[in-house]
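# Chains, contacts and geometry: an overview
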Amino acid sequence: MRSLQREPALLLALLAVTALVLTFIVYPQLQVVLTPGPGGYVQFLQEGTWLTPLRNSIQLTLLSTTTAVLLGFVYAYAMVYSNMRWKPFFRLIGILPLLSPPFVVAAAYTLLFGARGVISYGVFGQSPNIYGLNGVWGVQTIAFFPFAYQLIADALSRSDPRMEQAARNLGAGSWRVFLTVTLPLSRPGLGAAILTTAIYILEDFGNPQLIGGVFYVLPTQAYSLISSFGEYTSAAAVSTILLLLALALYLAKVRLDGGRSFVTISGRASSMPRPPVSAAVSRACFAACLALAGVILLVYGSLVVSAFTLRFPNNLQVTTEHFQYVLTGTNGDALRNTLVFSGVAAAFSAVFALFAGWLVQRGQWPGRRALDLLLILPAAIPGIFFGLGYLVAFNQRWLDFVDRGWLIIIAFVFWNIPVGYQAAVAGLRQIDRSIDEAATSLGASSLRGFRDVVLPMLGGSLRVGFVTTFVRAVTTLSLVIFLFTPPTTVATIRIYQLVGDLNWGAATAYTVADIGLAIIALLIFATLARGRISLGAARA
Amino acid sequence: MTPELDRRTFLKLAGVTAFIAACGGAATKATGRISIYSALNESTNNQLFAAFTKATGVEVSALPLAAAGDLQTKITAEKNNPQADIFVGGSSEFHDPLGKQGLLEAYQSPNAKDVGAQFKEASGLWTGWYTGIFGFISNTSRLKTDLGGKKPATWDDLLDPAWSKKLILPDPIKTGGGYIFIATQIFRFNRDETKAMDYMKKLHANILSYGATSPGVITSISNGEAAGAPNWSHDILTEKAKDPSKIDLNVPKDTGFEVGAVSIVKGTKNLPGAQAFVDWVLTKEAGDLNVKLSNRGSVRKDVSPAPGSPTLDQVSLVNYDRQWATDNKTRIQKLWQSTVGIQ
């Protein structure tokens, strides 16, 4: 990238990105952070009710991140390196846990594995108490491994097979190659995966709320203060503590990364095949993925069964009444809103994240560290506060002419930037600068170099950004709870109402319709983008 | 025509239109559309608002969120540019702070004369229109096998070792219902917090788990996860209607209750429409319909309760001090946490 003075277009682009980040991330969040005021903070800190949730949050984040990243790594390794069968199936399964509207999926775990669970009690005659640290740890591991998996798979697939072949030719065994070549080369992806997964786990509210029992964490504390007691001020103080924790995680990651280079030669996976892994490893990979897929399918399968039966799990008479209810009145509008808002937001978010990632990773200008942090920060903001910030900041008379749907779309774009952005930065760190410099030496502007050289090589990162933004937008409740209006109601709001109304059948039918349509939309997207961007984790 | 003239014509037209609109607003007959933030149940909203539109001709845009605290927060956050005309449903605890912050429009509805003073705010910032009573849900088959079919007549009955690990309580930190349960115990012991905490500690030994949401606890009991749980009577009755043999409701002695309120949001763009809604919701017609749809009680004497539903006259109530319960919430919650050893 040439200097900013010599390329005014680049300077403008940088200013535009900075302005957008300030307007749509910093400004709304400041509204929340400043709400309690100095007195409010002092009083809240003295009350001390945050101490236990803070300790619990840290403990849970450490535990769940460790297991989720391990699982994500195994899954990614299996998908990229092994010769196991059924990869397209596992690719889809790897996205399913991201499609978890809060309340519904977590509740499905209790129905299956709880004290009177269909599996735990019905099959094994056990009444385990799943509420508490262990239960929420297990559920979070499955719910969040896809973030780690997507980011790691993207990094692994970009590492150059020639390096591994070379190591093998020099006599290293496959285990040694893995430890000394594969693992170090995937460090940018691994670092990004750990950071992103940890921040999302820190911010997770749905699972601790329903499975955590009296193991209170900061997001459940903040949410309860608002929803059950209308105490917005104290809740905003909790949100600020979460932001500080995320900041600490970010600094830890920066230290871990150091300034090392992870460049593989070309940046684009070469046509050379990866060295074969032994049949035993492939079989082990297959078994591990199958076991995980079994649990995931059980949970989502129970939602489908519930949607088609009268009163799951007590009355299993088949019915379509729940789906008839879902498709009546304005319920269909909410489904359409969800798909439109999420699709538009995912496209914007993926492209913006990639472009911002390129500016930050390749740029040599002051303040890029700050921008880097700001682009990761939204992951640490519980959706309910991201939405609240938007409401306070943008619910202004002079903005009344703008359709409220745009507010939801913009909130989706910026709240979901971190994954796509992390994927882009990790990807760029594996691509030698000389590649884009070659373009600029040949006379292209930096922006043109981005479009024609960098963009095509980062298809995987673009896909990660698109897919995660889309599925998170489809399934978020907390972000939209303060932003929706009657004409811009989305599916998760309807599901929330149905759960509150004890209409479990209709709630699951709505969830199945929501998830089903999201998967169909992703498949259509994958077909349209075939050859350029592939769905699920990187091609093996 | 020059653009300048064009703009002038436009401004004149706009002025005339505004004048006509103002006249229309001043007329006694409510018209147009109102935006209602509703904390009522999904099944209640649609039919209740349709009946209102039919009775008055005022259209409704409903924004439903089952958690009243979410709506209270939303109204607070929107104070610079209010989007709601009416806030309906949810205990008066959620309306009262909005009134104190000056975010509600006081209105003494002529129909509020039928509402007892204990159910409304004196200056008309909010008016109560329904009541909910805290009761007890039991799973019929588990009650029979585990407890010989004996329902708790008093809250103290729940300390019987026979109930050990067979109770679920809505979480007092996460849910309003769970906190009201503790507050009820404190008022039951004449505000002797030591006795109340002693009770909560003994009860803790019998509790299998604390539920994340009050309605979720009803589902858990329905599924037989535990034998019984304290919860809202109206929600228990609604669940019971789906399968009457499965669960049952009873109301132990000395229980607590809530007053569901309606209020007008300050800055409403359709004051006559909003007032028409408050007037209507206080009628016998609306009271009857709400009882039918939600199994809640009405503040009106001439509205008969839902079949099988307890009424405030029949049950024994504690002297529930809402203001005290609100002011002491954080302290009581902390006290409870340290008492039962949840750190």
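All residue numbers here refer to positions counted from 1 along the written sequence of the relevant chain. Starting at A for chains and at 1 for ligands, labels are handed out in the order in which the entities are written. With pLDDT at 70 or above as the cut-off, local features in this predicted model cover only qualifying residues; side-chain atom pairs require 80 or more to be listed or tallied, and sums for whole chains, interfaces and linings still use all residues.

All names here are of chain B. Residue burial is a threshold on neighbouring C-beta atoms within 10 Å of the residue's own C-beta, all placed from the backbone, with 20 or more meaning buried, 12 or fewer meaning exposed, and counts in between meaning partly exposed. Strands are runs of DSSP state E lasting at least 2 residues, helices are runs of H or I lasting at least 4, and numbering of each runs from the N terminus. In terms of burial, strand 5 (residues 126–139) is largely enclosed, as 14 of its 14 residues are buried. Note on pairing: DSSP must find at least two bridges between two strands before they are called paired. Of the pairings in the sheet, the one linking strand 5 to strand 10 (residues 257–265) comprises seven bridges and is antiparallel in character. The residue bridging Thr127 from the neighbouring strand is Val262, located in strand 10. Across two bridges, the pairing between strand 5 and strand 11 (residues 297–298) is antiparallel. Looking at strand 11, one finds that Tyr130 is bridged to Ser298. Across five bridges, strand 5 lies against strand 8 (residues 228–232) in antiparallel orientation. If you follow Phe134 over to strand 8, its bridge partner there is Trp232. As defined by bridge partners, strand 5 adjoins strand 9 (residues 247–250) across four bridges and the pair is classed as antiparallel. The residue of strand 9 that forms the bridge with Phe136 is Asn250.

For the purpose of contact definition, each residue receives a C-beta atom placed from its backbone, and two residues are in contact when these atoms lie within 7 Å. Tallying the contact residues gives 39 residues for chain A and 44 residues for chain B. At the level of elements, helix 10 (206–211), helix 11 (218–227), helix 17 (383–394) and helix 23 (491–500) of chain A are the ones that each hand at least two residues to the side of chain A that touches chain B.

All names here are of chain B. Parsing chain B into structural domains produces domain 1 (17–132 + 258–298) and domain 2 (133–257 + 315–340). Look at where the C-alpha atoms of domain 1 and domain 2 centre, and you get two points 30 Å apart. Counting residues at the interface gives eight residues for domain 1 and nine residues for domain 2. Those elements that provide at least two residues to the side of domain 1 that touches domain 2 are helix 4 (92–100) and strand 5. Partitioned by chemical class, the residues of the side of domain 1 that touches domain 2 number no nonpolar, five polar and three charged. For the domain bounds, the source is a domain assignment made automatically or taken from a database. When residues are grouped by polarity, Ala, Val, Leu, Ile, Met, Phe, Trp, Tyr, Cys and Pro land in nonpolar, Asp, Glu, Lys and Arg in charged, and all others, Gly among them, in polar.

Below, the discussion takes up the packing of helix 1 (residues 8–33) of chain A against helix 16 (residues 368–376) of chain A. All names here are of chain A. With their axes 11 Å apart at the nearest point, helix 1 and helix 16 run at an angle of 40° to one another. By the angle between their directions, the pair helix 1 and helix 16 is classed as oblique. For the pair helix 1 and helix 16, the sense of crossing is left-handed. Only Leu371, Leu374 and Leu375 of helix 16 make contact with helix 1, whose side of the interface consists of Thr18, Val21, Ile25 and Val26. Note on geometry: axes are C-alpha line fits, over the in-contact stretch for helices, and angles between N-to-C directions span 0 to 180 degrees. Geometric relationships in this document are graded by angle, where less than 35 degrees denotes roughly parallel, more than 145 denotes roughly antiparallel, 65 to 115 denotes roughly perpendicular, and other angles denote oblique. By convention, the crossing between two helices is left-handed when the near helix turns anticlockwise from the far helix through less than a right angle, and right-handed when the turn is clockwise.

Residues and elements named next belong to chain B. Counting buried residues along helix 9 (residues 233–242), eight of its ten residues qualify, which places the element largely inside the surrounding structure. Considered for burial, the residues of helix 9 that qualify are Ser233, His234, Asp235, Ile236, Leu237, Thr238, Glu239 and Lys240. On the buried face of helix 9, the contacting elements are strand 5, helix 8 (214–222), strand 8, strand 9 and helix 11 (284–294).

In this structure, Ala76(A), Ala148(A), Leu151(A), Ile152(A), Ala411(A) and Ile86(B) are the most contacted members of the largest nonpolar core, which totals 268 residues. No other element matches helix 6 (residues 133–158) of chain A, which puts 15 residues into this core. What Leu151(A) contacts, discounting residues up to four positions off in sequence, is Gly189(A), Ala192(A), Ala193(A), Thr196(A), Gln422(A), Ala423(A), Ala426(A) and Val464(A). Think of a nonpolar core as buried Ala, Val, Leu, Ile, Met, Phe, Trp, Tyr and Cys residues chained together by C-beta atoms that fall within 7 Å.

All names here are of chain B. With nine of nine residues buried, strand 10 is to be regarded as a mostly interior element. Across the two faces of strand 10 the burial is the same, with Phe257, Val259, Ala261, Ser263 and Val265 and Glu258, Gly260, Val262 and Ile264 all buried. Strand direction decides the pairing type here: strand 3 (residues 86–91) and strand 10, joined by four bridges, are antiparallel. Counted as the bridge partner of Val88 is Val262 from strand 10. Relative to strand 10, strand 4 (residues 104–105) is paired through two bridges, and the arrangement is antiparallel. If you follow Glu105 over to strand 10, its bridge partner there is Ile264.

Residues and elements named next belong to chain A. Examined against the element boundaries, Gly427 turns out to sit in helix 19 (residues 417–429). For Gly427, a count of 29 C-beta atoms within 10 Å puts it in the buried group. Gly427 sits 59 residues away from Pro486 along the chain, and the two C-alpha atoms are 41 Å apart. When near neighbours in sequence (up to four residues on either side) are disregarded, Gly427 contacts Asp154, Arg158, Leu458, Gly460 and Ser461.

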